[in-house]
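Descriptive structure summary
The lines below spell out each chain.
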Amino acid sequence: MSKSVKQLSVFLENKVGRLGEVTGILAKAGIRIRSIELVEAGDFGILRLIVAETERAKELLEGGGFSVKVSAVIAVEIAHESGCFHRIVSLLAAEGINIQYAYTCHGGPLGIFILKTDRVEMLRAVEVLESDGVKVLDAV
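The numbers attached to residues start from 1 for each chain and follow its sequence in the written order. Local features in this predicted model are restricted to residues of pLDDT 70 or higher, and side-chain atom pairs are both shown and tallied only at a pLDDT of 80 or more, whereas totals for entire chains, interfaces and linings draw on every residue. Side-chain calculation: all heavy atoms of the structure are included, whereas hydrogens and water are not.

1. What about the confidence of the model for the chain?
- Model confidence for the chain is summarised by a mean pLDDT of 91, while 96% of its residues fall at 70 or above.
- Within the chain, the element-level pLDDT minimum falls on strand β5 (residues 99-107), averaging 85, and the maximum on helix α2 (residues 54-63), averaging 98. Confidence of the predictor in every single residue is expressed as pLDDT, which spans 0 to 100. Secondary structure is summarised from DSSP: a helix means a run of H or I of at least four residues, a strand means a run of E of at least two, and numbering begins at the N terminus for each.

Right, here's the structure in full:
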């Protein structure tokens, strides 16, 4: 898929130091974290990362004993103004496209909205967004 960004999902025990182990592995290897989100789910959490070197980061983290999954997500530019999120989610909802999860990351003067749809819906989601003038990114 041409207009998608690779995201790492790392499954972590919800205990002191585990997040630092992940960020330490990446820092030691000189891999820049471009976006990070940690979601708690009881005794475990899901750490979502967009990094400069996805495959290398995956290999290093797996070598460190972490369970890692790579998936495609959509990244779109957003203005820092009221209603920007509503516009995007409304466009997709009007087409029957479900957003499974979403988060933001800093992208300079504009923000970046990361969203995950079903793999089958992803291409259609990109088409819908671009046809309404939303800038969909192929790198973050």
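2. Remarks on the pattern of salt bridges
- When a carboxyl oxygen of Asp or Glu lies within 4 Å of a side-chain nitrogen of Lys or Arg, that pair is called a salt bridge. Evaluation of the coordinates by the stated rule reveals 10 salt bridges.
- When the shortest N-O distance is used, the salt bridge between Lys58 and Glu62 registers 2.7 Å. Placement of the pair is Lys58 and Glu62 together in helix α2, with a separation of 4 residues, close to one helical turn.
- Here Arg87 makes a salt bridge to Asp132, at a shortest N to O gap of 3.0 Å. In this pair, Arg87 sits in helix α3 (residues 84-94) while Asp132 sits in the loop between α4 (119-131) and β7 (136-137), placing the two residues 45 residues apart along the sequence.
- Residue classification places Arg87 among the partly exposed positions, given a relative accessible area of 37%.
- Only protein chains enter the accessibility calculation, which uses a 1.4 Å probe. A residue is then buried if its area is under 20% of the maximum for its type, exposed if over 50%, and partly exposed in between. Assessed through its relative accessible area of 37%, Asp132 is described here as partly exposed.
- When salt bridges with common partners are traced through the structure, they connect Glu13, Arg18 and Glu21 into a single cluster.

3. Observations concerning the nonpolar core
- Nonpolar cores were defined as sets of buried Ala, Val, Leu, Ile, Met, Phe, Trp, Tyr and Cys residues, with membership established by side-chain atoms within 4.5 Å. Ile74, Val76, Ile88, Leu92 and Leu129 are the most contacted members of the largest nonpolar core, which has 18 residues in total.
- If you list the elements that add at least two residues to this core, you get β4 (67-78), α3, β6 (110-117) and α4.
- For this core, the element with the most residues is α4, which contributes 5 residues.
- Here, residues are in contact when the closest pair of their heavy atoms is within 4.5 Å. If we skip the residues at most four places from it in the chain, Val76 touches Ile88, Gly111, Ile112, Phe113, Leu129, Val134, Lys135 and Val136.
- One finds Val22, Leu49, Val51 and Val68 within the second-largest nonpolar core, a separate group that totals 13 residues.

4. Some thoughts on the packing of aromatic side chains
- Centre distance within 6.5 Å is the pairing criterion for rings of Phe, Tyr and Trp, where only the six-membered ring of Trp is used; planes under 30 degrees apart are then read as stacked, over 60 as edge-to-face, and the remainder as tilted. Tallied over the full model, the rule gives 1 aromatic pair.
- Here the aromatic rings of Phe85 and Phe113 are separated by 4.9 Å at their centres, their planes lie at 80°, and the arrangement is edge-to-face. With Phe85 in helix α3 and Phe113 in strand β6, this residue pair connects regions lying 28 residues apart in the sequence.
- Exposure remark for Phe113: the relative accessible area of 5% places this residue in the buried category.

5. Thoughts on a nonpolar patch on the surface
- Only residues whose relative accessible area exceeds 30% and that form no salt bridge are eligible for patches; like-charged ones are grouped when within 9 Å, while nonpolar side chains (Val, Leu, Ile, Met, Phe, Trp, Tyr) are grouped when within 5 Å. To measure how exposed things are, a 1.4 Å probe is used in the Shrake-Rupley method; for residues, cover is taken only from the protein chains shown. Side chains of Leu19, Ile36 and Leu38 sit close together on the surface and give an oily, nonpolar patch of about 240 Å² of accessible area.
- Checked against the element boundaries, Ile36 lands in strand β2 (residues 33-41).
- Of the residues examined, Ile36 reaches a relative accessible area of 42% and is grouped as partly exposed.

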